[in-house]
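# Coordinate analysis (summary)
The lines below spell out each chain.
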Amino acid sequence: MSRMDHAGATAHRRREHGQFAGEFVRHPVRAGAVMETATDCAAGFLDEVCVAGARTVVELGAGSGAITAELAARLPESSRLLAVEVSPALTARLRDRCPDVDVACASAFDLPDLVRARDLPPVDLIVCSVPWTLMGEQRDRFLSTARATLTDGGTFSTLLVAHRARERGEAATWVGRHFSDVGAGRVLWGNLPPLRALHSSAA
């Protein structure tokens, strides 16, 4: 990469970080993080998810597309991917970054309607970056909506701030009310703050 190309790429990343940080300032609970998920953390997260056999995948809280881009690259061509992001600003960036992905600017609570409107096959994988642990009384409604959308035997994998995703912690207990076989992944230290996933099954 030339010095000019490197400078251009650096400026581009700064604009992206600034956009994400701006969304956090405006809607801290909705955004849940000051910066988008680091590329190596997105890859580490998806290394723990059984992507190869997934036919219909939904990503909740897709943000500006850090996980979306990696997920789209890993899925078989025959798979369907729906990325859901509630922020119009981040949705615009997501569509620009992943033009071949079906992107919906909507709330995760609208997921059943989004799936029906697209006549999608049964959803067998949901990957989630929504900061649902901060939702208060809406936590169970959120998890219930995700479970109702997944086919039996499907997988729900949610990426959280590491200290919230302990194997037998509070978040795992909440997930366990709606899913089975809840387990924690490894801590992803390359992010700020560090992240960790909870993986579970729709029995």
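Report on the accompanying structure.

Definitions and cut-offs
Residues numbered from 1 in each chain as written. Predicted model: local features only at pLDDT ≥ 70, side-chain atom pairs only at ≥ 80, totals over all residues. Heavy atoms only, no water. Helix = DSSP H or I, 4+ residues; strand = E, 2+ residues; numbered from the N terminus. Buried < 20%, exposed > 50% of the residue type's maximum accessible area, 1.4 Å probe, protein only. Contact = heavy atoms within 4.5 Å. Pairing = 2+ DSSP bridges. Right-handed = clockwise from strand over helix to strand, strands pointing away. Axes fitted to C-alpha atoms, helices over the stretch in contact; angles between N-to-C directions. Parallel < 35°, antiparallel > 145°, perpendicular 65-115°, else oblique. Left-handed = near helix turned anticlockwise from the far one by under 90°. Nonpolar A, V, L, I, M, F, W, Y, C, P; charged D, E, K, R; others polar.

### Some points on the environment of Asp-113
Along the polypeptide, Asp-113 turns up in helix 6 (residues 111-117). The class for Asp-113 is partly exposed, based on a relative accessible area of 45%. As a C-alpha pair, Asp-113 and Thr-149 span 36 residues in sequence and 9.8 Å in three-dimensional space.

### Section: the side chain of His-199
Mapped onto the elements, His-199 comes out in strand 7 (residues 195-201). His-199 gets classed as buried once you look at its relative accessible area, which sits at 15%. Each residue touching His-199, except ones within four places of it in the same chain, is listed here: Phe-45, Glu-48, Val-49, Phe-156, Ser-157, Asp-181, Val-182, Gly-183 and Gly-185.

### Concerning the pairing of strand 5 (residues 150-161)
Alignment of strand 4 (residues 123-128) against strand 5, held across 5 bridges, turns out to be parallel. Bridging across to strand 5, Ile-126 finds its partner in Phe-156. Running through helix 7 (residues 139-149), the crossover from strand 4 to the neighbouring parallel element strand 5 is right-handed. Bridging between strand 5 and strand 7 involves 7 bridges; their strand directions are antiparallel. Bridged to Leu-159 within strand 7 is Ala-197.

### A short note on the packing of helix 3 (residues 39-47) against helix 4 (residues 66-74)
Where helix 3 contacts helix 4, the axes come no closer than 9 Å and their chain directions differ by 50°. As far as their axial angle goes, helix 4 and helix 3 are oblique. Between helix 3 and helix 4 lies a crossing of right-handed hand. Here Ala-42, Ala-43, Phe-45, Leu-46 and Asp-47 of helix 3 lie close against helix 4, whose contacting residues are Ala-66, Ile-67, Glu-70, Leu-71 and Arg-74. Within the contact of helix 3 with helix 4, the residues separate by chemical class into 7 nonpolar, no polar and 3 charged.

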